[in-house]
Amino acid sequence: MKERVENLKKEIKEKIEKVISLKELNDLKVEYLGKKGPINELSSMMKELPVDEKKEFGRVLNELKAEVGTLFDTAREALEEKELNEKLEREKIDITLPSSKIHVGSIHPITKVIEEIEDLFVSMGYDVVEGPEIEEDLYNFEKLNLPKGHPARDAQDSFYITEEMLLRTQTSPVQARTMDANLEKTPIRVICPGKVYRRDDDDATHSHQFTQIEGLVVGENISLSHLKGTLEEVAKKLFGEDREVRFRPSFFPFTEPSLEVDVSCFKCGGSGCSICKGTGWIEILGSGMVHPNVLRGCGYDPEKYTGFAFGMGPERIAMLKYGIHDIRNFYINDLRFLEDFNRVEGSEE
Ligand code: DAH
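So, a few notes on the structure that sits alongside this text.

Here we take up the overall build of the protein. Per the secondary structure count, the protein includes 11 helices and nine strands. For 349 residues, the compact-globule estimate of 2.2 N^0.38 gives 20 Å, and the protein exceeds it by more than 25% at 42 Å. Across its three principal axes, the protein shows a C-alpha extent of roughly 125 × 50 × 40 Å. A buried classification covers 39% of the 349 residues belonging to the protein.

Here we take up the state of the cysteines. Going through the model one piece at a time under the given rule, you end up with zero disulfides. Cysteine 273 takes part in no disulfide bond, and the closest cysteine sulfur to it belongs to cysteine 265, at a distance of 3.7 Å. With relative accessibility at 21%, the residue cysteine 273 sits in the partly exposed group. Free cysteine cysteine 298: the closest other cysteine sulfur is in cysteine 192, separated by 12 Å.

Now for helix H5 (residues 109–122). The terminal C-alpha atoms of H5, which comprises 14 residues, lie 20 Å apart, in line with the 20 Å expected from a rise of 1.5 Å per residue. Within H5, burial applies to Pro109, Ile110, Lys112, Val113, Ile114, Ile117, Glu118, Leu120 and Phe121.

Quick look at the sheet that holds strand S5 (residues 209–219) now. One open sheet holds the seven strands; their spatial order is S1-S4-S5-S9-S8-S7-S6, and the pairing between them is mixed. Each edge of the sheet is formed by a strand with only one pairing partner; in this case those strands are strand S1 (127–128) and strand S6 (245–252). Across seven bridges, the pairing between S6 and strand S7 (residues 255–264) is antiparallel. Across the sheet, residue valine 245 finds its bridge partner in S7, namely valine 263. Across the face of the sheet, H5 comes into contact with S1, strand S4 (188–197), S5 and strand S9 (306–312) while running at roughly 170° to S4.

Looking now at the side chain of arginine 243. Along the polypeptide, arginine 243 turns up in the loop between helix H8 (224–239) and S6. Residue arginine 243 is classed as buried on the basis of its relative accessible area, which comes to 10%. A distance of 3.2 Å separates a polar atom in the side chain of arginine 243 from the backbone oxygen of phenylalanine 239. Ignoring sequence-local partners within four residues, the contact set of arginine 243 consists of Lys236, Val263, Ser264, Cys265 and Phe266.

Among the 11 residues in S5, 10 count as buried, and that is most of the element. Relative to S5, S4 is paired through 10 bridges, and the arrangement is antiparallel. Within the sheet, the bridge partner assigned to proline 193 lies in S5 and is isoleucine 213. Examined bridge by bridge, S5 and S9 share seven bridges and lie antiparallel to one another. Paired with valine 218 across the strands is glycine 307, a residue of S9.

For the rest of this paragraph, the subject is the site of the ligand. Every one of the 16 residues lining the ligand counts as a neighbour, but Gln170, Ser172, Arg198, Gln212 and Glu214 are closest to it. Between the ligand and arginine 198, the relevant distance is 2.8 Å, taken from an oxygen atom to a side-chain nitrogen or oxygen of the residue. Between the ligand and glutamate 214 there is a distance of 2.5 Å, counted from an oxygen atom to a side-chain nitrogen or oxygen. Coverage of the ligand by the protein chains reaches 91% of its 360 Å² of free accessible surface. Going through the elements one at a time, S5, strand S8 (281–290) and S9 are the ones with two or more residues in the shell around the ligand. For the shell around the ligand, the residue count by class is four nonpolar, 10 polar and two charged.

A few words on the pattern of salt bridges. One pass over the full model with this rule turns up 25 salt bridges. Measuring nitrogen to oxygen at the nearest pair gives 3.8 Å for the salt bridge that ties glutamate 31 to lysine 15. Of the two residues, glutamate 31 is situated in helix H2 (residues 22–33) and lysine 15 in helix H1 (residues 2–18); the sequence distance between them amounts to 16 residues. With relative accessibility at 34%, the residue lysine 15 sits in the partly exposed group. In this structure, aspartate 137 engages arginine 153 in a salt bridge whose closest nitrogen and oxygen atoms are separated by 2.9 Å. With a gap of 16 residues between them, aspartate 137 in helix H6 (residues 137–140) and arginine 153 in the loop between H6 and strand S3 (165–167) connect regions that are remote in the sequence. Each member of the pair, aspartate 137 together with arginine 153, is buried.

Any two aromatic rings considered together are summarised by their centre-to-centre distance and by the angle between their planes. By the definition in use, this model includes seven aromatic pairs. Taking the centre distance of 5.4 Å and the plane angle of 5° together, the rings of phenylalanine 239 and phenylalanine 266 count as stacked. Of this pair, phenylalanine 239 sits in helix H8 while phenylalanine 266 sits in the loop between S7 and S8, placing them 27 residues apart in sequence. Overall, phenylalanine 266 belongs to the partly exposed group, its relative accessible area being 25%. The rings of Phe121, Tyr126, Phe308 and Phe310 are connected pair by pair, giving a single aromatic cluster. The lysine or arginine in question, arginine 177, covers the ring of tyrosine 139, its NZ or CZ lying 4.2 Å from the ring centre.

Reading the values: rules and limits
- Residues numbered from 1 in each chain as written.
- Predicted model: local features only at pLDDT ≥ 70, side-chain atom pairs only at ≥ 80, totals over all residues.
- Heavy atoms only, no water.
- Helix = DSSP H or I, 4+ residues; strand = E, 2+ residues; numbered from the N terminus.
- Rg over C-alpha atoms; globule rule 2.2 N^0.38 Å.
- Buried < 20%, exposed > 50% of the residue type's maximum accessible area, 1.4 Å probe, protein only.
- Disulfide = S-S within 2.5 Å.
- Expected span 1.5 Å × (residues − 1).
- Pairing = 2+ DSSP bridges.
- Contact = heavy atoms within 4.5 Å.
- Axes fitted to C-alpha atoms, helices over the stretch in contact; angles between N-to-C directions.
- Polar contact = N/O pair within 3.5 Å; in protein donor to acceptor, adjacent residues only side chain to side chain.
- Near = heavy atom within 4 Å.
- Areas by Shrake-Rupley, 256 points an atom, 1.4 Å probe, with all protein chains shown as cover.
- Nonpolar A, V, L, I, M, F, W, Y, C, P; charged D, E, K, R; others polar.
- Salt bridge = Lys/Arg side-chain N within 4 Å of Asp/Glu carboxyl O.
- Phe/Tyr/Trp six-rings, centres within 6.5 Å; stacked < 30°, edge-to-face > 60°.
- Lys NZ or Arg CZ within 6 Å of the ring centre and 35° of its normal.

Keep in mind that these numbers describe shape and distance, not what the molecule does.
See the structure below:
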């Protein structure tokens, strides 16, 4: 019997030495230590032995089990370590290899200008609100004091979808919507950036789609001097602190009086050049005091409230600021232009 035990031990030892994976080791363990394995078979033979031999055989058997158990444990640890090392070797990353270049997109110049203007107004306590691009005639024109048949409608050749719906031609409808939506009729200070559409033929200075930023301030005792102070500040922040600002009378149906705002030419400083067309001044936006009809139409009492509004074109501002001569550059998505602009901005590399 002892001999059998010794042989078994030898046999197991030899087999374990040949094992090369944890799976094989496990199978082997089941084969020898499992219910139907030879060690269990030996245990079940014990009851057939005479009493005086039982004790000794039990001891030998226990010893065998312990030894075999240790053999398996040691082999398992060695294999686990081997497999881990192999895995680490397989997954090793060579951090000295050169990386593949990642192309990162850049923010569109118009988006950049809009964000710059938004930041400026937010710092002055304005909210940024948006409105729909598919707009009702009611908001795009009628509530802005442009009834059907008004000649000023012709200046904004429109894409109509139905008799009453169109692609908005300006962001001014958002001022009417903001006043309408304010049910308590409390003071307002907002800017409204967004896309607008006009039935223009595209050329260097016209695009059928472009962007505008509308501004609206409504409150008690809001006066022309608030408008002037605000827009002077904006012009200087956008075009340089030493810019001078000039206000010229103009006409918009939704403001009375209406003013056009010019800055002194940042190229020639006012002496006259090609950018300012020899005048020394560059027009940057339209503005005015909100017409009483507009206030009234949107539920604000013009006896109690006054307000000012303005509208500017980010394309025009970007073209002036960065010396871009063709508005179509913003919309044809030529990467050479977009990347070049980015480089000019100094935001890359
Ligand atoms: N909506 C005008 C346009 O598209 C721009 C404008 C001018 C907006 C004067 C205003 C304003 O709010 O007061 O030409």
